[in-house]
Amino acid sequence: MSDSPTSHRPRILTGDTPTGRLHLGHYVGSLENRIELQDKYDCYFLLANMHAFTTRADAPQDIRTDTIEIVKDWLAVGIDPDRSTIVLQTEVPAIAELTWYFAMLLPFNRVMRNPTLKTEIEAKDLGDTYSFGFPMYAVGQCADILAFRPELVPVGVDQVAHIEMCREAARRFDQFYCNVNPKTEDDDYASAGGLFPVPKALVGRIGRLVGTDGDNKMSKSLNNAIFLSDTAKQVKKKIGAMYPGQSRNPDDPGNVEINPVFGYADAFIKDAAAVDELKDRYRRGDNLGDGHVKAAVIEAVNELLEPMRQRRAALEGKDGDERVIEVIRTGTAKANLVAEETLHLAKQAMGLDFGARNLAWR
Ligand code: TRP
């Protein structure tokens, strides 16, 4: 395991809701950053399985399966449980408790105006029958984050509204209960005596990756995703079937801007000069068709995914599940030390320290 909970290496907290397999959009939006930051930061990666219940309360078995699968994706992509801590939300009671206190610091209408929630209500067709817990998850996310008092939260661009709300909750807590002057700069909240730092979102190099439909954000529910666990054949098929977009503009056939395959070339072909050359030749119609560009992109994506496939293969089956559960248990035990410390300090600041708590259970 990485640091002791009292370590002063700056912390990172981020997470995913287990709703299915992770895809290339997750990779460029956030996973890539997480992997890179594992050495510099004390990293906590949260399985937001409680949030999965906000829209799928009737499917607990699916949520359990998705939770285990997402850990396999994490390990496959290069999250290293010996350096980073994997945390199961439903076994960190301090998060649920902090959610209540933060719920009192955020105006109801502020939560309901959160653009990420609004987009989700539309995209998932939740109408006006979504559960009370659904908007509540945005408040819960403030607690997910602040329970670990992190400096940074690596996320895709769609999560920035949530991080902004979390920052507001942190400021308000520090102002109400730690006497921090409201004029304090965000970076100075901790040194001004605040319990909570005002954490920053860290958005990946590509905040929004277009799906294979060429129009919408890559997303499992839109059926336009290339999954990290896709086979080489599936990748070939999906990219091969992409619509290059020229016929939208027949007078301008070599336009790389409207061709989403070039978006992937930019994202996944490491050699930038090679991409420029492809673009040049494509623009000139220089004997370079869509098949050629696609082949180059397919190769680059498969090169990225191949080591992930191999690591994932080692986690298949019952042994793999057991390994994952072990990783979850070890990480969650460590995470609870940090989160309980935060909760204790928060309750102390709020005048709620009435005695030592010992909730031993077996
Ligand atoms: N809402 C995030 C998503 O759907 C997942 C999440 C839950 C999260 N808690 C978090 C992300 C805390 C960052 C920090 O992707």
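Residues numbered from 1 in each chain as written. Predicted model: local features only at pLDDT ≥ 70, side-chain atom pairs only at ≥ 80, totals over all residues. Heavy atoms only, no water.

1. Some details on the overall build of the chain
A tally of regular secondary structure across the chain gives 13 helices and five strands. Since a compact globule built from 362 residues should have a radius of gyration of about 21 Å, the 22 Å found for the chain is in line with a globular shape. Dimensions of the chain, computed from the C-alpha atoms along their principal axes, are close to 75 × 50 × 40 Å. Counting over 362 residues, the chain shows a buried share of 51%. Restricting to contacts in the chain with at least 6 residues of sequence separation, those with at least 24 account for 74%. If the 44 positive side-chain charges of the chain are averaged to one point and the 53 negative ones to another, these points end up 2 Å apart. (Helix = DSSP H or I, 4+ residues; strand = E, 2+ residues; numbered from the N terminus. Rg over C-alpha atoms; globule rule 2.2 N^0.38 Å. Buried < 20%, exposed > 50% of the residue type's maximum accessible area, 1.4 Å probe, protein only. Contact = heavy atoms within 4.5 Å. Lys, Arg positive; Asp, Glu negative; His and termini not counted. Charge placed at Lys NZ, Arg CZ, Asp CG, Glu CD.)

2. Describing helix α13 (residues 317–349)
The first and last C-alpha atoms of α13 sit 47 Å apart over 33 residues, in line with the 48 Å expected at 1.5 Å per residue. Just past α13, the residue Gly351 takes up positive phi, approximately 70 degrees. (Expected span 1.5 Å × (residues − 1).)

3. Looking at the site of the ligand
Looking at the ligand, there are 15 residues lining it, with Gly15, Thr17, Gln141, Asp144 and Gln159 nearest. A distance of 2.9 Å is found between a nitrogen atom of the ligand and a side-chain nitrogen or oxygen belonging to Gln141. Asp144 places a side-chain nitrogen or oxygen 2.7 Å from a nitrogen atom of the ligand. (Near = heavy atom within 4 Å. Polar contact = N/O pair within 3.5 Å; in protein donor to acceptor, adjacent residues only side chain to side chain.)

4. Considering the domain arrangement of the chain
Structurally, the chain comprises domain 1 (11–208 + 317–349) and domain 2 (232–313). Computed over C-alpha atoms only, the centres of domain 1 and domain 2 are separated by 34 Å. Between domain 1 and domain 2, the contact holds twelve residues from the first and nine residues from the second. Buried surface at the junction of domain 1 and domain 2, both sides included, amounts to about 850 Å², of which 64% is carbon and sulfur. At the surface where domain 1 touches domain 2, the tally comes to two salt bridges. The partner of Arg312 in a salt bridge is Glu69, and the shortest N-O contact between them spans 3.0 Å. (Domains from an automatic or database assignment. Buried area = accessible area lost by both parts, 1.4 Å probe. Salt bridge = Lys/Arg side-chain N within 4 Å of Asp/Glu carboxyl O.)

5. Comments concerning the layout of surface pockets
What the second largest pocket holds in volume is close to 980 Å³. Secondary structure elements with two or more residues in the lining of the second largest pocket: α2 (49–56), α3 (60–77), α4 (93–103) and α13. If you tally residues by element for the lining of the second largest pocket, the top one is α13, at ten residues. For the lining of the second largest pocket, the per-class residue count stands at 15 nonpolar, eight polar and eight charged. (1 Å grid on protein atoms, 1.4 Å probe; cavity = no way out; pocket = protein on both sides within 12 Å on 5 of 7 lines; lining within 4 Å. Points joined across faces, edges and corners; volume = space filled by probe spheres on them. Nonpolar A, V, L, I, M, F, W, Y, C, P; charged D, E, K, R; others polar.)

6. Thoughts on the nonpolar core
Within the largest apolar cluster, 55 residues are counted, with the highest numbers of intra-cluster contacts made by Leu24, Trp74, Ile86, Leu209, Leu228 and Phe268. In this view, Ile86 contacts Phe45, Leu47, Val71, Trp74, Leu75, Ile79, Val327, Ile328, Gly331 and Thr332; residues no more than four positions away in its chain are not counted. (Core = buried A, V, L, I, M, F, W, Y, C linked by side-chain atoms within 4.5 Å.)

7. With respect to the side chain of Asn114
Among the secondary structure elements, Asn114 is positioned in the loop between α5 (108–112) and α6 (115–123). On the basis of relative accessibility, which here comes to 0%, the residue Asn114 falls in the buried class. A distance of 2.9 Å separates a polar side-chain atom of Asn114 from the backbone nitrogen of Thr116. Asn114 has contacts with Ala138, Ala161, His162 and Met165, leaving out every residue within four places of it along the chain.

8. As for the environment of Ala265
Along the chain, Ala265 falls in helix α10 (residues 260–268). Overall, the relative accessible area of 0% leaves Ala265 in the buried class. Between the alpha carbons of Ala265 and Lys294 there is a distance of 8.5 Å; along the sequence they are 29 residues apart. Excluding anything up to four places from it in sequence, Ala265 contacts Val275 and Val297.

9. Observations concerning the side chain of Asp16
In this structure, Asp16 sits in strand β1 (residues 11–16). Polar side-chain contacts of Asp16 include one of 2.9 Å to the side chain of Trp74. If we skip the residues at most four places from it in the chain, Asp16 touches Leu22, Arg34, Leu46, Leu47, Ala48, Ile70 and Trp74.

10. Digging into the environment of Gln89
Among the secondary structure elements, Gln89 is positioned in the loop between β3 (85–88) and α4. Relative accessible area serves as the criterion here: at 3%, Gln89 is assigned to the buried category. Residues contacting Gln89, with those up to four places away along its chain left out, are Leu46, Leu47, Ala48, Asn49, Met50, His51, Ile95 and Asp144.

11. Observations regarding the packing of aromatic side chains
Here the structure, examined in full by the defined rule, presents eleven aromatic pairs. Their ring planes at 65 degrees and their centres at 5.6 Å tell us that Phe134 and Tyr137 sit as a pair that is edge-to-face. With Phe134 and Tyr137 both in helix α7 (residues 133–146), this residue pair falls three residues apart, about one helical turn. For Phe134, a relative accessible area of 1% translates into the label buried. A relative accessible area of 8% means that Tyr137 is categorised as buried. Seen from their ring centres, Phe173 and Phe196 are 5.0 Å apart, and the 80 degrees between their planes marks the pair as edge-to-face. Taken as a pair, Phe173 in helix α8 (residues 160–177) and Phe196 in the loop between α8 and β5 (200–203) lie far apart in primary sequence, 23 residues in all. Using a relative accessible area of 0% as the deciding quantity, one classes Phe196 as buried. Here the guanidinium or amino end of Arg21 rests over the ring plane of Phe227, the centre of that ring lying 4.1 Å away. (Phe/Tyr/Trp six-rings, centres within 6.5 Å; stacked < 30°, edge-to-face > 60°. Lys NZ or Arg CZ within 6 Å of the ring centre and 35° of its normal.)

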